Each structure stands twice: as C-alpha cells, then as structure tokens.
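Structural overview for review
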Amino acid sequence: MSPTSPASPARTASPASPESPVPTRRLTTAQALVAFLARQYTERDGRRQRLISATWGIFGHGNVAGIGQALVEAGHGGNGTAHRMPYLQGRNEQAMVHAAVGYARQSGRLSAHAVTTSIGPGATNLVTGAALATINRLPVLLLPGDTFATRPADPVLQQLEVPYAGDVSVNDCLRPVSRYFDRITRPEALIPAALQAMRILADPAETGAVTLALPQDVQAEAYDWPEEFFAERDWHIRRPAPDTYELETAVRAIRSARRPLIVAGGGVRHSAAEETLAAFTAATRIPVASTQAGKGALRHDHPADVGGIGHTGTATADELARTADLVIGIGTRFSDFTTASGTLFADPAVRFLHLNITAFDAHKLAALPLVADARAGLEALTAALAGRGYRVDPAYETEYTGAKEAWEERVEASFATPDPTARPTQTQVLGLLDTLVTEDDILINAAGSLPGDLHKLWRTRSRDQYHVEYGYSCMGYEIPAAIGVLLATGARSREHRPVWALVGDGTYLMNPTEIVTAVQENLPLKLLILQNHGYASIGGLSASVGAERFGTAYRHRDPDGGFTGPPLPVDLAANAASLGLRVLRAATVDDLRKALSEARDAEGPTCVYVETETPDTVSGPPPAQAWWDVPVAETASRPAAVKAREEYDRRVAARRRHL
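Below is a summary of the structure that appears in this document.

Rules used in this analysis
Per chain, the residues get numbers from 1 upward, laid out in the order the sequence is written. Where totals are concerned, whole chains, interfaces and linings use all residues; where local detail is concerned, this predicted model gives features only for residues with pLDDT of at least 70, and gives and counts side-chain atom pairs only at 80 or more. Think of the side-chain values as coming from all heavy atoms in the structure, minus any hydrogens and water. By definition, no residue in a patch forms a salt bridge, and every one has over 30% relative accessible area; like charges are joined within 9 Å, nonpolar side chains (Val, Leu, Ile, Met, Phe, Trp, Tyr) within 5 Å. Where accessible areas are quoted, they stem from the Shrake-Rupley method and a 1.4 Å probe; at the residue level, only the protein chains shown are allowed to cover. For salt bridges, the criterion is a side-chain nitrogen of Lys or Arg within 4 Å of an Asp or Glu carboxyl oxygen. For helices the rule is a DSSP run of H or I covering at least 4 residues; for strands it is a run of E covering at least 2, with both sets numbered from the N terminus onward. In plain words, nonpolar cores are sets of buried Ala, Val, Leu, Ile, Met, Phe, Trp, Tyr and Cys residues tied together by side-chain atoms within 4.5 Å. The buried label goes to any residue with under 20% of its type's maximum accessible area, the exposed label to any with over 50%, and the partly exposed label to all in between, with areas taken from a 1.4 Å probe on protein chains only. Residue contacts are counted whenever heavy atoms from the two residues lie within 4.5 Å of one another. Between N or O atoms, a polar contact is any pair within 3.5 Å; within protein, one atom must be a potential hydrogen donor and the other a potential acceptor, and residues adjacent in sequence are included only when both atoms are from side chains. Disulfides are defined in this document as cysteine sulfur pairs within 2.5 Å. In this description, strands pair whenever DSSP reports at least two bridges between them. Angles run from 0 to 180 degrees between N-to-C directions of axes, and those axes are lines fitted to C-alpha atoms, restricted for helices to the stretch in contact.

Further remarks concern a nonpolar patch on the surface. A cluster of nonpolar residues, Leu509, Leu568 and Val570, forms a patch on the protein surface that exposes about 220 Å² of accessible area. With respect to the secondary-structure elements, Leu509 resides in helix H19 (residues 505-510).

This part takes up the nonpolar core. Grouped together as the largest cluster of nonpolar side chains are 53 residues, with contacts concentrated most on Trp56, Val115, Leu142, Tyr508, Leu527 and Ile529. For this core, the leading source of residues is helix H18 (residues 478-488), giving 7 residues. Non-local contacts of Tyr508, meaning those with residues more than four positions away in its chain, are made with Ile479, Val503, Ile515, Leu527, Ile529, Leu572, Asn575, Ala576 and Leu579. If you look at the next biggest cluster of nonpolar residues, it comprises 52 residues, including Ala250, Ala321, Ala324 and Leu381.

This part covers the environment of Thr29. Along the chain, the position of Thr29 falls in helix H1 (residues 29-37). Using a relative accessible area of 2% as the deciding quantity, one classes Thr29 as buried. A sequence separation of 155 residues divides Thr29 from Ile184, and the C-alpha atoms of the two residues are 9.3 Å apart. Side-chain polar atoms of Thr29 contact the backbone oxygen of Val218, separated by 2.9 Å.

Within this structure, the stated rule accounts for 0 disulfides. Not part of a disulfide, Cys474 finds its nearest cysteine sulfur in Cys173, a span of 16 Å.

The parallel open sheet is built from 6 strands, whose spatial order is E20-E19-E21-E22-E24-E23. In the strand order of this sheet, the two ends are held by strand E20 (466-468) and strand E23 (582-586), each with one partner. Between one strand axis and the next, the sheet turns through 20° on average, direction left out of account. Packed onto the sheet, helix H17 (residues 450-457) meets strand E19 (442-445), E20, strand E21 (499-504) and strand E22 (525-531) and runs at close to 150° relative to E20.

We now examine the pattern of salt bridges. Enumeration over the complete set of coordinates arrives at 41 salt bridges. With a shortest N-O distance of 2.9 Å, Arg186 and Glu221 are connected by a salt bridge. Separated by 35 residues along the polypeptide, Arg186 in the loop between strand E9 (180-183) and helix H6 (190-202) and Glu221 in the loop between helix H7 (216-220) and strand E11 (222-226) bring together distant segments of the chain. Classification of Glu221 by relative accessible area gives partly exposed; the value is 27%. Measuring nitrogen to oxygen at the nearest pair gives 3.3 Å for the salt bridge that ties Asp203 to Arg238. Of the two residues, Asp203 is situated in the loop between H6 and strand E10 (209-215) and Arg238 in the loop between strand E12 (233-236) and helix H8 (244-255); the sequence distance between them amounts to 35 residues. According to the relative accessible area criterion, Asp203 is buried, its value standing at 7%. Residue classification places Arg238 among the partly exposed residues on the basis of a relative accessible area of 38%. Shared partners join several salt bridges into a network, and the residues in it are Arg44, Asp45, Arg239, Asp373 and Arg375.

Let us now look at helix H5 (residues 126-135). Within H5, 7 of the 10 residues are buried, which leaves it mostly tucked inside the rest of the structure. Within H5 the residues assigned to the buried category are Leu126, Gly129, Ala130, Ala131, Leu132, Ala133 and Thr134. Residues of H5 that are buried make contact with helix H3 (93-106), strand E7 (112-117), helix H4 (121-124), strand E8 (140-146) and E10. Within two residues after H5, Arg137 carries a phi angle of roughly 60°, on the positive side.

Take a look at the structure:
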C-alpha cells in the first residue's frame, strides 16, 4: 500500500483546528520513524542524496510488529514513490552493520544505511559493528529493539535483569561505541532524538554509529505527529576553512622545513580531496605516504606517492619518516601502526602539523593544529604558499623518487611467478590480481596478513580502489562490506564495477553468512578465498614474541596437546558452493590466473578458491619495515620467549613521546 494512499487511515493527516493549530498525522512510533528517515537528505558541493537510503533488518519479537510492520507500510517492495524505504535482508546482525559501513564509506559518508534488530542477542550482536563504524568515523544508524517501556511483564523474553538499575538493558552496551545514544521511552521523545541522530550522522567531525533504542511497546504505540516532522530536510555537509592564525603558522612551518613528509589518512578520501592533494604536491614536491585508510589518495604511479607508512609500510616511506623534520598529517588519526608505536619519526627536532576536521585529532603528537576540512585546508595552504616560492630541494625529490623505483623492484620480485605449475604464495596471488584489474576494480580486506601485503605492495589505481578496514581490523568485515560497496556502486546496473572481497580461511570461518544475501540479491560479488590453514598473521606474530605459534594453526591435535597434526579436512570451497556461490578452484599459478579472469567477467556472485604456500614470515616478502609494540613476557623459562624479550627491550628503547 502506498504511504500516501487515502485508504490507509493511519496515513491521513489531521486538519488544523483551534485546539490543534498544527496539522498532524496519526502513526505508530515505528511508522513515524521510517517516514521521517525516508525524507532526510545530505547536500555537499551541490550534490544531494538520501541520508538513509535503505534499512537492513533481522526480525524478532522486539521489532517485527513495530519497525517490521512500518517497513511493510513504507513500500519496501518498490511502489515507485520518492519516499519509500528499501529493505535489505541480512543473516547476521554484526554483518549487517559491516555492510552498512561498507556502503557509507563507498558513498563518501554522504549516504548511510539503518540496521534494525530484535532485543537480546540481536541487539548485542551490533556492538562489534558499531565499534568498527565509530572508530573509522563512518555513519550507520542502529535501531535495536528494547524491552517494554511500560513493563507489563518483568522480565520479558531476553531481558537482562540488573538488580541495581531498572532502566538498564543490554542495549546500554552500545553506549560507549556510539557517537549518539538515546532510548525512546515515549513516542514524542522520538522527535528531538531523531533530529539529533541525523545531525550526528551528517556531521563530518562527529559521525559514527548512532543508536536509537526502541522499546517494543513504544514502537507500536500511536501518536499524533506534527506534519512538519515529515518535511524533507537537507543536512548540509560543511567544509570548514582553516583559522587565519593556524594557517599562517602552518605556512611558516612548511617554508622552514627541509625534509617534509605528508601522511595522508582517510580524511583525504572522506573530503574528496585527492585532486587538491595532487595539486599541492605538484606545487611543493612534498612526498606523500599513506595510512591504510589513506592509500589511494594519490595513484601508485604519481611521482610524489611513496606508498604505505608505518609497520606495514614501504621502505621508501619509512626511511623518509625517520629523517623527516616536518610531518604533515592530513586526515589521519596517527594510530600505533602509523607511528610504529612511537619509534618511526626519529629526527630529534621533528615537528608535526596536522590538518584535520576534528580538533581532537589535529592536536595529536603535540602538533601545530590546522583544524579544517581536508580539501578546504589544502586549497588554503596551496594558495598561501603559491606566492612565496616554496618547493623542496631537488636533491630531496631525487632521493625519494629513486628510493621509490628501488622499492618497485622489490614489489616485482614479490609478485613474480617463475613456475606456472606451482602452488602460489599469497603475494603471488596479489601479483596475478594486479595484472588483471583496472581503475574500476575495488579490493576489500580487513584483517590477517593480507593488510600488510596490500599496504606495502598493492598498486592503487583509483581513489576508491583500496578498501582496507584497519581502524578496527575486524575479521568478517570483508564479505558484508563488499555487499555494501556493490549497493553503493550500482551493482544492479549493467555497468557495475568489479568488487573483490579478499579473505583468508580464518576470516571466512568467522562470518560467511552474507554470501546468502549476495546470492539472494544476485550481486556480482567476487570472493577470493586464500586457504593457508590457520591464522597466518597471528602465527607469525606469535613466533616473533615467543609464543611459538601456539593456537594459530588449523590442524589436528597432536599427542602432546598441541595442534601440529595434519591440516583439518575443511573444504571451504564446498561450503561456499553450498551457500549458492559459483566456485572456481585453482591449484596452480596458471589455474589461478584463469580463474581470476573468469571471475572478473562473471555477472553473478562468484568465488575463487586457492590454497597458498605458507611464507616464512608474517606476510611474506618483503618483511615489516618498522616496529610494532606487542609486549613480550618479562619473565619466561622457554628460550623463544627469553630471546623475544631481549629484542623487545632493544626496540622499545627507541620509543619516544612527541611533546
């Protein structure tokens, strides 16, 4: 039924009267919320789009009669109205949030999805996804069902009883991982809460997970809503310009720098500032290193691009970081992987300049802050430096371009496949994919040894090709996120972009459920499963910190209680096929080359399965170019741990606080 159909009494507006001067519409709280969400828009640079473009949901007693019924009335089946609310059926609540996050990132944080769940386990399953969204500063609206506000029965099914507080439910677990949280205990309370929720979702500095907990009785309760609540609203995405004083301070710092280095983070992408960054580097010749979230800020073949930085970075970027006298962060959080746990920026006189839209991030590492939108800030810096003749010394430019060429030789060596009949290594898998993709392809990954290999080796061809979630590094993100990206890129159109979800066996076993969703929606997901029989990344880390790879291999238990027996007889390819995917098995380099090409051309969801050779190091050659602080046992009887502690003490001595 159409939301505007006169045959639906619940959708009929009440006329104004002396007693009620404002026209109203009688709806349930859930119906009002869905109608409100369908009329919210964002606008930036003249481009307008829906803020909440669809709702994911798994239904139970906590939301089926409320939000579920409201979605039915909202015409999710496609009634052709501008304000319908499409519904997407998920299989796991955490995965639904991951899909929503993938969609939001691909949409430039200008459009998002809502996620509705029942109470109890459905609601608590949201926590991991919410943490991922908030840490990565990506918008998602969470609508978990909640226990009865009126408490007609206490406890109800799946209710957590807290003896010291009657107003606590399991949904309170979402408070610390949400940028905004409210529990709607009365229908009319939805009005200010919904407006605040939209404000946060659309705010480039504050965005993240937003939670509106919805008691199941309140969802179904009717109320006379003011018609103004359902008017279309545009939420302008602002581009704040830098403060004049901070800009002048930044210009002086850059002009006095001999060996400046830019660290590009995810904020460059969120601001769509890639072209502005390229113009800035063209004028100044300052080299650009990138975090995991910032990789792709410049194409891999741009002269100023020196690759990833930090523990998973390139030798080129990390050596420049060690000698930099000014580090210019642009839209980065400066996590420990980027700073090599405080050991990377080694020049005694190094200073930091942070261009960031959040003051919280701009002041990190005792930096000179430049609080502004990344694009607006770069434009201001470029203009301010233009008339002052600043450009790095030509010898410095020659140094980093030469180092970049040397690193590319190491990449080529890692990608080389001299024996086409051999089983490929993980880096060779990436090399074969590298020869196949164009700037249209998008690669998605999140955890394990792949992020390290990708950050060091992958040749990013477009601003959005590299999609690695490393703020939370959440296993199980890849497959649902790929679905979100496919939805954001128009996967149902004939001109869809190839989207690859790269997973190891450990990640696959964590969360393969949304394969069913890809099959249901006939989305052309390209799933690449790399079978290496365990947690390869943590296995290597375990060996390096004296834990002897304990509990990291997927093998049968041996007589001594360890796991060093034969590999488990798990057939992930058969599992993927049982969930509806077309599966291409590859045993050799040649097989894999053909399978990847076939998968890229496929119109439906397809899986490529390959068993890889196990590398000698955590992520294969080349090894990590900078340290990462994982504390090692201070006392131990086993030689491996004793030796690892000696190495740890040597490394940690180089750590410094930038004050």
